[in-house]
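Single-letter residue listing:
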Amino acid sequence: MAKYVFSFRVPSGYAPGAGTLAEWRAWFGGLGSALADVGNAVTEYASLGEVGGSDYRMAGYSVVSAEDMDSALALAKDCPVMRVGGGVEVGPVLEAAES
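Source: prediction; values computed, not measured.

A. Focus on the nonpolar core. Ranked by size, the top nonpolar core spans 15 residues in total, and within it Tyr4, Phe6, Phe8, Trp24, Trp27, Cys79 and Val81 carry the most contacts. Where this core is concerned, the elements lending two or more residues are strand S1 (2-11), helix H1 (20-31), strand S3 (56-66) and helix H2 (69-76).

B. Representation of the side chain of serine 7 in the model. Looking at the secondary structure, you find serine 7 in strand S1. The contacts of serine 7, once residues within four sequence positions are left out, are Gly60, Gly87, Val88 and Glu89.

C. How the structure looks around the environment of glutamate 95. Locating glutamate 95 in the fold gives a position in the segment after strand S4 (87-92). Separated by 93 residues in sequence, glutamate 95 and alanine 2 place their C-alpha atoms 9.7 Å apart.

About the criteria used
Residues numbered from 1 in each chain as written. Predicted model: local features only at pLDDT ≥ 70, side-chain atom pairs only at ≥ 80, totals over all residues. Heavy atoms only, no water. Core = buried A, V, L, I, M, F, W, Y, C linked by side-chain atoms within 4.5 Å. Buried < 20%, exposed > 50% of the residue type's maximum accessible area, 1.4 Å probe, protein only. Helix = DSSP H or I, 4+ residues; strand = E, 2+ residues; numbered from the N terminus. Contact = heavy atoms within 4.5 Å.

So, in structure tokens, the structure goes:
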């Protein structure tokens, strides 16, 4: 099974609400054994180059295991950021060859 990075992006002015942590915990729990690394939230950020415009910002990341890109996208579709106008960037992890 391949690993995929989920990069969570939220609108620039987004602020978490009282139920946000519980919502994320429930979603992570629903991923079950597909969740390879829960990752971390990002509270401060900076960017260089073109990263999708200033309307959105990085909010965190996770790593999941999935059969293919379509399976990874299916896991991401119910992510809490989707309900606040954000999105999830999904990409396969390419393991670096050991030297």
